[in-house]
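Descriptive analysis of the structure
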Amino acid sequence: MHLTDREWWGLIHGMGFGAVFLLAFAGGLAGLYSLRAGLVTPEGVVERMRRLKIGVVAMAISAWGTVLTGTWVVYPWYRATGKTSPKSVLLADPATEGWHEFGMEWKEHIAWLSPILATVVAFIVLYYGTNLIRHDRVRRTAITLFVLAFGFAAVAGTLGALITKVAPVH
Amino acid sequence: MSTVTDRPSGTAEFDGIHYPDRPEGPIAAAILAGGVGALALGVVTTLSEASTGFKDALNWNNAVGPLSGKTIVTVLVWLAAWVVLHLVYRNKPYETRRALTIALILIGLGVVGTFPTFFQAFGG
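Owing to the predicted nature of the structure, the values given are computational and were not obtained by experimental measurement.

The rules behind the values
- Residues numbered from 1 in each chain as written.
- Chains lettered and ligands numbered in written order.
- Predicted model: local features only at pLDDT ≥ 70, side-chain atom pairs only at ≥ 80, totals over all residues.
- Heavy atoms only, no water.
- Contact = heavy atoms within 4.5 Å.
- Buried area = accessible area lost by both parts, 1.4 Å probe.
- Salt bridge = Lys/Arg side-chain N within 4 Å of Asp/Glu carboxyl O.
- Helix = DSSP H or I, 4+ residues; strand = E, 2+ residues; numbered from the N terminus.
- Nonpolar A, V, L, I, M, F, W, Y, C, P; charged D, E, K, R; others polar.
- Axes fitted to C-alpha atoms, helices over the stretch in contact; angles between N-to-C directions.
- Parallel < 35°, antiparallel > 145°, perpendicular 65-115°, else oblique.
- Left-handed = near helix turned anticlockwise from the far one by under 90°.
- UniProt positions renumbered as here; feature names shortened; annotations may be inferred.
- 1 Å grid on protein atoms, 1.4 Å probe; cavity = no way out; pocket = protein on both sides within 12 Å on 5 of 7 lines; lining within 4 Å.
- Points joined across faces, edges and corners; volume = space filled by probe spheres on them.
- Phe/Tyr/Trp six-rings, centres within 6.5 Å; stacked < 30°, edge-to-face > 60°.
- Buried < 20%, exposed > 50% of the residue type's maximum accessible area, 1.4 Å probe, protein only.
- Lys NZ or Arg CZ within 6 Å of the ring centre and 35° of its normal.
- Core = buried A, V, L, I, M, F, W, Y, C linked by side-chain atoms within 4.5 Å.

Here we come to the interface of chain A and chain B. Each partner contributes residues to the interface: chain A has 39 residues there, and chain B has 46 residues. For the pair chain A and chain B, the summed buried area comes to about 3,800 Å², and 74% of that belongs to carbon and sulfur atoms. When residues of chain A are sorted by the area they lose upon contact with chain B, His109, Tyr127 and Arg137 of chain A head the list and together hold 18% of the total. The interface formed by chain A and chain B holds 2 salt bridges in total. For the side of chain A that touches chain B, the secondary structure elements donating two or more residues are helix 2 (42–78), helix 4 (97–110), helix 5 (113–128), helix 6 (131–134) and helix 7 (136–166) of chain A. Broken down by element, the residue count for the side of chain A that touches chain B peaks at 9 residues, all from helix 5 of chain A. In terms of residue class, the side of chain A that touches chain B is made up of 24 nonpolar, 9 polar and 6 charged.

Printed below as a string of structure tokens:
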């Protein structure tokens, strides 16, 4: 059982940062959703806010980690000029060229929307803090952007997993 | 019984929970900047496909290709917009609902700009 350096980076990009991203999203969404008057107590809000802040910051950091390693480490191997690079392999067959022409072309761009929006949500939570409890409109705005950040990452992640299945980076 | 207690420092307490007094302006600025960043990504992606010269100009790293310039430009535009909007709205009670509506439109346009079927239509 052996993984090459490139396969390790693929794992760090997709499953390392990806797993943290998923966990942070689930925790952050639950925290934002339940941050409502009547559901928090003076004793509980301190711990709850701390957990929420950790969740949204972790999601933003993992989103940045995913796109930075994806674009600057893994992507150059994907698009290398040799005949055996995943991009060359996909484009060589009309049956698979769509994975690059549509799948990779969309993934490599749309993924970058996720860290931007996740950072905006992290800022809102860190800046506004407990005010999110009594300003429901702002809390719902944060949830909307949080879900969008996850949605864009989900599109990119799904396309990445499918492309890797067809033409993996070795 | 619920009570609201205003403090001299501009903070409030309600049901024993402390609420620091913060204007919504900086939140609106961050949301709008996020929309601007998304739009910037869509615009540079489409322009890169429409113009070979623009695409070559964005090739800031040979290994990564034009994606290097597209993403760096996007991040720089996003951060610059955030700084400017923050300075403009930092002490203003700007409605986040309006900011979200505008940002969602900008994000939608950004998504369209990054959609291959759309931007490849501008290719040669």
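Having seen it, we continue.
The next thing to look at is the packing of helix 2 of chain A against helix 5 of chain A. All names here are of chain A. The N-to-C vectors of helix 2 and helix 5 enclose an angle of 160 degrees; their axes lie 8 Å apart at closest approach. What the angle tells us is that helix 2 and helix 5 run roughly antiparallel. In this structure, helix 2 crosses over helix 5, and the sense of that crossing is left-handed. On the side of helix 2, the interface is formed by Met49, Leu52, Lys53, Val56, Val57, Met59, Ala60, Ala63, Trp64 and Val67, while helix 5 contributes Ser114, Pro115, Ile116, Ala118, Thr119, Val121, Ala122, Val125 and Leu126. Of the residues contributing to the contact of helix 2 with helix 5, the split by class is 16 nonpolar, 2 polar and 1 charged.

The UniProt feature table records "transmembrane region" (unreviewed entry) at residues 27–47, 67–88 and 100–122 of chain B. As annotated, residues 100–122 of chain B has a helix share of 83% and a strand share of 0%, and its two end C-alpha atoms lie 30 Å apart.

Here we take up the layout of surface pockets. All names here are of chain A. When its volume is computed, the largest pocket comes out at roughly 940 Å³. Elements supplying a minimum of two residues to the lining of the largest pocket: helix 1 (5–33), helix 2, helix 4, helix 5 and helix 7. Considering only residue class, the lining of the largest pocket consists of 24 nonpolar, 13 polar and 4 charged. One number sums up the size of the second largest pocket: a volume of about 210 Å³.

Time to look at the packing of aromatic side chains. Counted under the stated rule, the structure contains 14 aromatic pairs over all chains. The interplanar angle of 75 degrees and the centroid separation of 6.0 Å between the aromatic rings of Trp64 of chain A and Trp112 of chain A together place this pair among those described as edge-to-face. With Trp64 of chain A in helix 2 and Trp112 of chain A in the loop between helix 4 and helix 5, the pair connects residues that are 48 residues apart, well separated along the chain. Of the two residues, Trp64 of chain A and Trp112 of chain A, both sit in the buried class. Taken together through their ring pairs, the aromatic side chains of Trp64, Trp112, Phe123, Tyr127 and Tyr128 of chain A together with Trp78 and Trp82 of chain B make up a single cluster. For the cation-ring pair, Arg36 of chain A lies above Tyr33 of chain A, with the distance from its terminal atom to the ring centre recorded as 4.5 Å. One cation-aromatic arrangement involves Arg22 of chain B over Tyr127 of chain A; the distance from NZ or CZ to the ring centre is 5.5 Å.

Look at helix 5 of chain A against helix 1 (residues 25–50) of chain B: their axes get within 10 Å of each other, and the N-to-C directions meet at 175 degrees. As summarised for this structure, helix 5 of chain A and helix 1 of chain B are arranged roughly antiparallel, according to the angle between their axes. Where helix 5 of chain A approaches helix 1 of chain B, its residues Leu113, Ile116, Val120, Phe123, Ile124, Tyr127 and Tyr128 of chain A are matched on the opposing element by Pro26, Ile27, Ala30, Ile31, Gly34, Ala38 and Leu41 of chain B. Residues that form the contact of helix 5 of chain A with helix 1 of chain B fall into these classes: 13 nonpolar, 1 polar and no charged.

Within the secondary structure layout, Ile17 of chain B lies in strand 3 (residues 17–19). If we skip the residues at most four places from it in the chain, Ile17 of chain B touches Val40, Thr41, Pro42, Val45, Thr130 and Ile133 of chain A together with Ala12 of chain B.

On to the nonpolar core, then. Nonpolar side chains in soluble globular proteins tend to be buried together. In this structure, Leu32, Ile124 and Leu145 of chain A are the most contacted members of the largest nonpolar core, which totals 64 residues. Looking at this core, the element that brings in the most residues is helix 5 of chain A, giving 11 residues. Dropping the residues within four chain positions of it, Leu32 of chain A is found in contact with Leu52, Val121, Val125, Leu132, Arg139, Ala142, Ile143 and Phe146 of chain A. Formed by 10 residues, the second largest nonpolar core is a distinct cluster that contains Tyr75, Met104 and Ile163 of chain A together with Leu67 of chain B.

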